[in-house]
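This is what each chain is made of:
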Amino acid sequence: MNWRLKIRHVTGYKYAGTVSASYNEARLTPLTLPWQTTLFSQVEVTPGAATYRYHDYWATQVTAFDLHRPHQQLRVVSSSLVEVSPPPSASLSLDWAALGTSAVLDAQAEFLACSRLTSVSAALAEDAWSAVGSAAPAQFAEAVCHWVRDAVAYVPGSTGVQTSAQEAWDLRKGVCQDIAHLTVGLLRARGIPARYVSGYLHPKVEAEVGETVAGQSHAWVEWWAGEWTGFDPTNGVPVGPRHVVVARGRDYDDVPPLRGVYHGAPSKHLGVTVEITRLA
């Protein structure tokens, strides 16, 4: 069943004094994919600024803007209308031998390399593999997702955007970002290409049409075993029509919703508000 979702995402910064200039990038526009169509998207900036759009290396749409006049607050509002259907099931599933060929290792090198945010210890990787068993890559990957979900408690506010996968594991708690990083790190350590996905999740499985709810900026994973497959380890479910893809990358550092540099007083994040309405 297709879902049509209206999304309003508000974010920004408040400064302790006057900022004379800032240079910013927003990754807030949902992608158009074979199973996801962005029907409308708009990014508004206060104070007003000219914006321009481009696609970055990871194929994420970026809205860039500069402010060259004094300001004490930056507010960014993204509005989108997206139609999402369930992604098709993978029709190709490689075995371990095929996954380890030089052609795959070369083509997927960026999604096999560990980063600071996704690196895990050898001991943790061995524990995960022992618990999951010796299933084929696709089944192994899904089993790892469930293993991480069972082992790490979802606790809002328990970690920050720079918390690494290993740190979240040591705490045995984190948010969706940490659970995604940890899953990605364990998959890569086993030789399965994996990428970090940023987007939105409608929180209600049986959402009523026309009801506006507090949504979530969310993170999940995709692994490659011949084709890319999406799974939400935080909720233990395959990616479906409640998930809206905004950006993909190696980890969170490739996909932050708002990033920039500025000249002026220290800043404080305004926080994030996401409202989602199911229209169909």
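Everything that follows concerns the structure shown earlier in this document.
Residues numbered from 1 in each chain as written. Predicted model: local features only at pLDDT ≥ 70, side-chain atom pairs only at ≥ 80, totals over all residues. Heavy atoms only, no water.

### A look at the pattern of salt bridges
Then comes step 1: Applying the stated criterion across every chain, the model contains seven salt bridges.
Then comes step 2: A salt bridge links R4 to E83; its shortest N-O distance comes to 2.6 Å. With R4 in strand β1 (residues 3-26) and E83 in strand β5 (residues 71-84), the pair connects residues that are 79 residues apart, well separated along the chain.
Then comes step 3: When the shortest N-O distance is used, the salt bridge between E25 and R27 registers 3.0 Å.
Then comes step 4: Judged by its relative accessible area of 25%, E25 is partly exposed.
Then comes step 5: What makes R27 buried here is its relative accessible area of 8%.
Then comes step 6: One salt-bridge network, in which partners are shared between bridges, spans E25, R27 and D56. (Salt bridge = Lys/Arg side-chain N within 4 Å of Asp/Glu carboxyl O. Helix = DSSP H or I, 4+ residues; strand = E, 2+ residues; numbered from the N terminus. Buried < 20%, exposed > 50% of the residue type's maximum accessible area, 1.4 Å probe, protein only.)

### A word on helix α3 (residues 122-132)
Then comes step 1: Taken together, the buried positions of α3 are occupied by L124, A125, A128 and V132. When α3 is viewed along its axis, its buried side chains cluster within an angular range of 100° and face the same direction. Across α3 from its buried face, at more than 90 degrees, point the exposed residues A122, A123 and S130.
Then comes step 2: One or two positions beyond α3, positive phi appears at G133, with a value near 95°. (Arc of directions from axis to C-beta.)

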